[in-house]
Amino acid sequence: MATKMTGAQIIVEALKREGVDIVFGYPGGAVIDIYDELYRTPEIKHVLVRHEQGATHAADGLARSTGKVGVCLVTSGPGATNTVTGIATAYMDSIPIVVLTGQVPTKLIGNDAFQEVDITGITRPCTKHNFLVKRVEDLAWTLKAAFHIARTGRPGPVLVDLPKDIQQAKTDFHWPEEIRLRSYNPVYEPHKRQVEKAYRLLESSTRPVILVGGGVISSGAHEEVRELAELLHIPVTMTLMGLGGFPGTHEYSLGMLGMHGTYYANMAVANSDLIIAVGARFDDRVTGKVDAFAPMAKIVHIDIDPTSIQKNVRVDVPIVGDCKRSLAKLLEIIKEVGRPSKLWKEQFKEWWEQIDIWRRRYPLTYKQDGEHIKPQFVIEKLYQLTKGEAIVCTEVGQNQMWTAQFYKFDKPRTLLSSGGLGTMGYGFPAAIGAQMANPDKLVLDIAGDGSIQMNIQEMATAMDQRLPIKVIILNNGYLGMVRQWQELFYDRRYSAVQFATIPDFVKLAEAYGAVGLRATKPEEVEGVLKKALETNNLVLVDIHIAPEEGVFPMVPAGRATTEMILV
Amino acid sequence: MEKKHTLSVLVENTPGALARIVGLFAGRGFNIDSLCVAETLDPTLSHLTLVTHGDDMIIEQIIKQLRRLIDVYKVVDVTEEGEFVEREMALIKVRAEKETRAEVLRMCDIFRCKVVDVSPRTYTVEVTGPESKIEAVIELLKPLGIKELVRTGLIAMKREKKSA
Ligand SMILES: Cc1cc2nc3c(=O)[nH]c(=O)nc-3n(C[C@H](O)[C@H](O)[C@H](O)COP(=O)(O)OP(=O)(O)OC[C@H]3O[C@@H](n4cnc5c(N)ncnc54)[C@H](O)[C@@H]3O)c2cc1C
Ligand SMILES: Cc1ncc(C[n+]2csc(CCOP(=O)(O)OP(=O)(O)O)c2C)c(N)n1
Ligand SMILES: [Mg+2]
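What counts, and at which threshold
Residues numbered from 1 in each chain as written. Chains lettered and ligands numbered in written order. Predicted model: local features only at pLDDT ≥ 70, side-chain atom pairs only at ≥ 80, totals over all residues. Heavy atoms only, no water. Helix = DSSP H or I, 4+ residues; strand = E, 2+ residues; numbered from the N terminus. Buried < 20%, exposed > 50% of the residue type's maximum accessible area, 1.4 Å probe, protein only. Contact = heavy atoms within 4.5 Å. Areas by Shrake-Rupley, 256 points an atom, 1.4 Å probe, with all protein chains shown as cover. Lys, Arg positive; Asp, Glu negative; His and termini not counted. Charge placed at Lys NZ, Arg CZ, Asp CG, Glu CD. Rg over C-alpha atoms; globule rule 2.2 N^0.38 Å. Donors = N, O, S within 2.8 Å, 3.2 Å for Na, K, Ca; no water. Pairing = 2+ DSSP bridges. Axes fitted to C-alpha atoms, helices over the stretch in contact; angles between N-to-C directions. Polar contact = N/O pair within 3.5 Å; in protein donor to acceptor, adjacent residues only side chain to side chain. Parallel < 35°, antiparallel > 145°, perpendicular 65-115°, else oblique. Left-handed = near helix turned anticlockwise from the far one by under 90°. Near = heavy atom within 4 Å. Nonpolar A, V, L, I, M, F, W, Y, C, P; charged D, E, K, R; others polar. Core = buried A, V, L, I, M, F, W, Y, C linked by side-chain atoms within 4.5 Å.

Caption draft 1: Region of interest: the overall build of chain B. In terms of helices and strands, chain B carries four helices and nine strands. Ordered by position from N to C terminus, the α and β elements of chain B give β-α-β-β-α-β-β-α-β-β-α-β-β. In terms of principal-axis extent, the alpha carbons of chain B reach across some 55 × 40 × 35 Å. Burial analysis of chain B (164 residues in total) assigns 40% to the buried set. Sequence-distant contacts in chain B: of pairs separated by 6 or more residues, those separated by 24 or more amount to 72%. With an accessible surface of roughly 9,500 Å², chain B has 55% of that area assigned to carbon and sulfur atoms. If you average the places of the 25 positive and of the 26 negative side-chain charges in chain B, the two averages end up 3 Å apart.

Caption draft 2: Region of the structure containing the overall build of chain A. Counting its secondary structure elements, chain A contains 23 helices and 20 strands. For chain A, the C-alpha radius of gyration of 24 Å lies close to 24 Å, the compact-globule estimate for 567 residues. Each principal axis of the C-alpha atoms in chain A carries an extent, and together these give about 70 × 60 × 40 Å. For chain A, with 567 residues in total, the buried portion stands at 60%.

Caption draft 3: The coordination of the magnesium ion (ligand 3), seen in detail. All names here are of chain A. In this structure, Asp449 (OD), Asn476 (OD1) and Tyr478 (O) serve as the protein donors to the magnesium ion (ligand 3), at separations of 2.1 to 2.2 Å. Each donor residue of the magnesium ion (ligand 3) lies on the same chain, and together they follow the pattern D-x26-N-x1-Y. No difference in accessibility class separates Asn476 from Tyr478, as the two residues are buried.

Caption draft 4: Examining the sheet that holds strand S12 (residues 274-278) of chain A more closely. Residues and elements named next belong to chain A. Taken in spatial order, the six strands of this open sheet run S11-S10-S9-S12-S13-S14, and their pairing is parallel. Two strands close off the open sheet at either side, each with one partner strand: strand S11 (253-256) and strand S14 (317-320). Taking the axes of each pair of neighbouring strands and ignoring which way they run, one obtains an average angle of 15° across the sheet. In this sheet, strand S13 (residues 298-303) lies alongside S12 in parallel orientation, the contact comprising five bridges. When the bridges of S13 are listed, Val278 appears paired with Ile302.

Caption draft 5: Quick look at the sheet that holds strand S7 (residues 158-163) of chain A. Residue and element names in this part refer to chain A. With parallel pairing, six strands are arranged side by side in an open sheet as S3-S2-S4-S5-S7-S6. Since the sheet does not close on itself, it has two edges, and those belong to strand S3 (45-48) and strand S6 (129-132), each with one partner. Within this sheet the neighbouring strands show an average axis-to-axis angle of 20°, counted without direction. Taken together, the six bridges between strand S5 (residues 97-103) and S7 define a ladder with parallel strand orientation. If you follow Thr101 over to S7, its bridge partner there is Asp161. Contacts from helix H19 (residues 427-437) reach strand S2 (22-26) and S3 within the one sheet, and its direction differs from that of S2 by about 145°.

Caption draft 6: Local environment of the side chain of B:Lys64. With respect to the element layout, B:Lys64 can be found in helix H2 (residues 56-68). Within polar-contact distance, the side chain of B:Lys64 engages the backbone oxygen of A:Pro306 at 2.8 Å. Residue contacts for B:Lys64: discarding those within four places in its chain leaves A:Pro306, A:Thr307, A:Ile309 and A:Gln310.

Caption draft 7: Spatial organisation of the packing of helix H17 (residues 375-386) of chain A against helix H18 (residues 398-406) of chain A. Residue and element names in this part refer to chain A. Two elements in contact, H17 and H18, have axes separated by 9 Å at closest approach and are oriented at 50°. Relative to H18, H17 is oriented oblique. Relative to H18, H17 is oriented so that their crossing is right-handed. Note on element contacts: H18 touches H17 through Trp402, Thr403 and Phe406, opposite Pro375, Gln376, Ile379, Glu380 and Tyr383.

Caption draft 8: Representation of the environment of A:Thr142 within the structure. Residue and element names in this part refer to chain A. Among the structural elements, Thr142 can be located in helix H7 (residues 139-151). Taking the relative accessible area as the measure of exposure, Thr142 reaches 5% and is therefore buried. Thr142 sits 193 residues away from Lys335 along the chain, and the two C-alpha atoms are 44 Å apart. Residues in contact with Thr142, not counting those within four places in the same chain, are Phe131, Val133 and Val160.

Caption draft 9: Geometry of the site of ligand 1. All names here are of chain A. The environment of ligand 1 is made up of 36 residues, and the closest members are Ser218, Thr239, Arg281, Asp303 and Ser308. Ile304 is positioned with one of its backbone polar atoms (N or O) 3.1 Å from a nitrogen atom of ligand 1. Across the complex, the protein chains shield 96% of the 990 Å² of accessible surface that ligand 1 would expose by itself. For the shell around ligand 1, the elements supplying multiple residues, two or more each, are helix H10 (214-219), helix H13 (284-287) and H18. Among the elements that take part in the shell around ligand 1, H10 stands out by supplying four residues, more than any other. For the shell around ligand 1, a count of residues per class yields 12 nonpolar, 17 polar and seven charged.

Caption draft 10: The arrangement of the nonpolar core in detail. Residues and elements named next belong to chain A. Core analysis: the largest hydrophobic core is formed by 95 residues, its most contacted members being Ile210 and Ile275. The contacts of Ile210, once residues within four sequence positions are left out, are Leu228, Ala229, Ile234, Pro235, Val236, Thr237, Ile276 and Val278. Ranked by size, the runner-up nonpolar core spans 46 residues in total, among them Cys72, Val117, Leu416 and Ile469.

Purely geometric numbers; function is a separate question.
Quick look at the structure:
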C-alpha cells in the first residue's frame, strides 16, 4: 500500500532502504527539510563535518574501507561547490559515493537565485552520472538508480540535485526493488574465448607478470589473484591503487611498480613477455614513456570498463568483465587442462632467477644518517608496531609514496590514498570515514605537513565522534614532493615550497582536545609511536624528519620505467 | 591514419544528455565535425548523427566513451558498417543580379537544387545530397557571390542488403 510522503521523507526512507547508516554532511537552507527528517531518524547517524570537502572524502573513506556506497548531504550553492574536489577524487579512483545536494526551488532554477549553482553542469565531467530531480514522483526511482549506478560496473560518484520544493512536495511512495536501465548494462561475465586466449599465452610464456590494479580491490578478486599466482608461480606487481590486492609480504610480491615503484618490479615488467593486467588502467605514473613500456610483452587486459582497455597501451587480449569472474574463469580453464603446478614452476624457473638477481641488486632501501629521522624508518616502525593490521590513509606527496613503499599491505581495503587526482587533504577526512565505519580497527593517517593543513578543520569532527585516529605527520618543513622535483629537475630552485609559518602541531592538537606528540630524534620515534598507539584519543604525532629526504627509486616523468634514479 | 567517421547515436531523451555528449568531446579533446539531433519514432529516445575524425585508436575511444555514458543507448559507427546513405541539406543565399540570374538557375538545374526564396537581388537555393555534392555546389556558386550559407550537418543510414 502506497502512502503519501514528502520528498524529504522519501529521501530518508530511500537511504534506509539502501542500507545507509552513516551520512556525512553540512546543513543549509536548501536541505533544511531533509535535516528535519534526519532529526527524527535515529537509525541514520549524521556526522556533521566542518567543511563539505571533508564530507565527501569521509564518504569516500567509508566506501574504500568497506566496499559500501558512501553518502554525503550538503546544501546548494557553496555547499555544493565545496564537494567538487571530493567528487573528482572519487571519480578518478572509481569510488562509489552518492552526493545529495540541495537546490533552489524548481521555479527559480536558472534565475541566479540566492545560493543557486548549476551543480549538475559543474560535476558532469567528474561524476559517473548525475541527476536533477524535477518531479517528486521521480524521486524514489532516481535515488534507487543513483545507488545502483554508483556501485555497479566501474564504480563512481553519483550526484543527485534536490530542489527545495521537491523535498516539500508530497506523493505516493513506491520503492522499486529492482531497477533496470536499458542504456546501462555493465558486462561482468567475460567472453570465454578471450579467457582461453589468455590461457594459451600463459602456456607459451616464459617471463610473465601479473599486474594488479584498483579493480581487484573493488571487485574483491584478491583470493583469485593469489590462487593464480601461487598455482602458476608468477610474480605479482601492484599499482598504488592495487596495493593490498595481493599480499605485500608474499614471496611472489614485487611491490609497487611505476614512477616510485621498486627497481625489480619495473625491471620485471620491462623485460616480461606477458603481462596479465587485472583491473589496472595503465596510468602514465605506471607506464612511464608509453612507447618504451614493456616492449616485448603481450598484454592481457581484464577490465570492466572497455574505455580503460587500449586507451594508453596496445592490448593483445582484451577481456571485458569483472576481475573476480574473469580470473575465476581462467582458473577454471587452468584446472581443466590440469597441467601440474611443478611444470609451471619449471617453465618460469629462469625468470625467477633473473628476478631474484634484480631483487638482490637493488632492494627497497634507504640510508640512516644517525642524526635525522628517516621517514622510511618511521613507516617501517609503524608497520612493525601495528603488525600491518591498520587501515592506513595517506595524504599526497612523499608521505604517500614512502607509505606505499614501506608499509606492506597484505589485505585489500587497508590502504586509502588519492591516486588519480592526488588530492592533498584527502587522508584525514578519509580516515574519519574509515574509522566511523570500522570502529574496532586501528585507523592511521600518514600525512605531510602541507597536506594535513588542507583539511585540518576536521580535527573537530573527529573529536565530536570520539574517533581515536592516529595522524602521523612526516614533517619535513617542505611541500616535499614538489621540492624533490625542484631539486632534481630545476637546479634546486626551491620556489614556493616552504611555509614561513607552520603551526605547533602539538599545541594545535591540544587546542582541539586531542593529544599532540612530537619526535625530533631517531631514538624517540619508537616510544612516541607506541604512546600514540596506546592512546585512546585522536592523536597528532609531529615527526620532524630529514628535511631533504627524497623518494627513490624514481622514474623521471616521461622517461622509460627502466631509467630509474636509485637511492 | 586519420579518417572521417559518421556515428549514429541513440540517447535517452533526458535533459543534460546532449550536454554530456558534447562535454565528452570537449573534455577529451575529440573533434566534432558536425552534429545533427532529432527525435525518433520512440519519444523517449533522441537520435544523433555525429561526424568526427581521428585515427583508429581515437575512434575506438570515442565510441567506447560514448557507450560508457549512462544515457547513451546505442552507438553505431556507420562508416564501418558497410554501405550507407548519407545526406546533408544546405540553404545558400546567392547574389543573383540581372546578368547572373540565369547562370544560377542553370546550375540549380544541373544539381537538382530548388530555389526556395527569391528577391530582386538574391536567390535562396536549397540543395540536398551527400557532402561532396553540397561542397561542389558551394564551390560553383562562390564566384557569383554567396551572401549566406547554412548547412544541417550530415545524417546517415545503413543500406539494406540488396539480395536476400
Ligand atoms: C604523488 C603520486 C605518485 C604516484 N606514483 C605512482 C607510482 O609510482 N605507481 C603507481 O602505480 N601509481 C602511482 N600513483 C597513482 C597513479 O596516479 C594512479 O592513480 C594509479 O596508478 C592507478 O591505479 P590503477 O591502474 O590500478 O587504476 P584505478 O584508478 O584503481 O582503476 C581501476 C581500474 O579497474 C577497473 N575496474 C574497477 N572495478 C572493476 C571490476 N569489478 N572488475 C574489473 N575491472 C574493474 C576500472 O575500470 C579501472 O580501469 C601516484 C599518485 C600520486 C598522487
Ligand atoms: C590540492 C593539491 N594542491 C597541490 C598539489 C601539488 N602537490 C603534490 S605533492 C605536494 C606537496 C605535499 O606536501 P606535504 O603534504 O608536506 O607532503 P610531503 O611531500 O612533504 O610528504 C603538492 C603541493 C596537490 N597534489 N594537491
Ligand atoms: Mg612536507
